[in-house]
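One letter stands for each residue in the lines below.
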Amino acid sequence: MDELNGKLIACQILITGLIARVANEQRDPLRFLTDFRDEIKAVVGGVNIAGMDSTDRVRAVAQKTVDELFSLMKPPSSD
């Protein structure tokens, strides 16, 4: 289980870095990140989770993960 958690954390870090890289190439990185976050949250809210009686907990954890990923990104520097 620790190995799986480690791989998931590594994927989250990789995705966060990729999103940040793309955002830095935009004219308005903060707007890009806000729009992208909103799109991801909408996808998580609408994705079909099969095979479970109650998907509310899974969806809540996924939403929390999205929030954590975007909270790792610092605002653009003023330089």
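Check the entry above for the structure.
Residues numbered from 1 in each chain as written. Predicted model: local features only at pLDDT ≥ 70, side-chain atom pairs only at ≥ 80, totals over all residues. Heavy atoms only, no water.

Participant: Looking at this structure, how should I read helix α2 (residues 29–46)?
Facilitator: Each full turn of the α-helix corresponds to 3.6 residues, which orients residues three or four apart in the same direction. Taking 1.5 Å per residue, 18 residues should reach 26 Å; α2 reaches 26 Å between its end C-alpha atoms and fits that length. Within α2, the full set of buried residues consists of Pro 29, Leu 33 and Val 44. Projected down its long axis, α2 shows its buried positions confined to an angular sector of 45 degrees, all on one face. The exposed residues of α2 that point more than 90 degrees off its buried face are Arg 31, Glu 39, Ala 42 and Gly 46. (Helix = DSSP H or I, 4+ residues; strand = E, 2+ residues; numbered from the N terminus. Expected span 1.5 Å × (residues − 1). Buried < 20%, exposed > 50% of the residue type's maximum accessible area, 1.4 Å probe, protein only. Arc of directions from axis to C-beta.)

Participant: Please explain the packing of aromatic side chains as it appears in this structure.
Facilitator: Aromatic rings considered in pairs are described by the distance between their centres and by the relative angle of their planes. Tallied over the full model, the rule gives one aromatic pair. Ring centres of Phe 32 and Phe 36 lie 5.9 Å apart, and the angle between their planes is 15 degrees; on these two criteria the pair is classed as stacked. One end of the pair is Phe 32 and the other is Phe 36, both in helix α2 and four residues apart, which spans about a single turn. Phe 36 gets classed as partly exposed once you look at its relative accessible area, which sits at 26%. (Phe/Tyr/Trp six-rings, centres within 6.5 Å; stacked < 30°, edge-to-face > 60°.)

Participant: What am I meant to see in the environment of Glu 68 here?
Facilitator: Secondary-structure assignment places Glu 68 in helix α3 (residues 56–71). By relative accessible area, Glu 68 is classed as partly exposed at 40%. Taking C-alpha positions, Glu 68 is 9.9 Å from Thr 16, a pair spaced 52 residues apart along the chain.

Participant: Please clarify how the pattern of salt bridges should be interpreted in this entry.
Facilitator: A side chain with one charge can pair with a side chain of the opposite charge if their charged atoms come near. Following the criterion strictly, the structure yields five salt bridges and no others. Note that Glu 25 and Arg 21 form a salt bridge whose closest N and O atoms lie 3.4 Å from each other. For Glu 25, a relative accessible area of 59% translates into the label exposed. The salt bridge partner of Glu 68 is Lys 64, with a shortest N-O separation of 3.9 Å. Here the residue Glu 68 and the residue Lys 64 both occupy positions in helix α3, the gap between them amounting to four residues, near one helical turn. (Salt bridge = Lys/Arg side-chain N within 4 Å of Asp/Glu carboxyl O.)

Participant: What exactly am I supposed to notice about α3 here?
Facilitator: In this model α3 runs 22 Å from its N-terminal to its C-terminal C-alpha over 16 residues, within 8% of the 22 Å that 1.5 Å per residue would give. Within the sequence span of α3, burial applies to Arg 59, Gln 63, Val 66, Leu 69 and Phe 70. Taken around the axis of α3, the buried residues stretch over an arc of 120 degrees, which confines them to a single face. Among the exposed residues of α3, those oriented more than 90 degrees off its buried face are Arg 57, Lys 64 and Ser 71.

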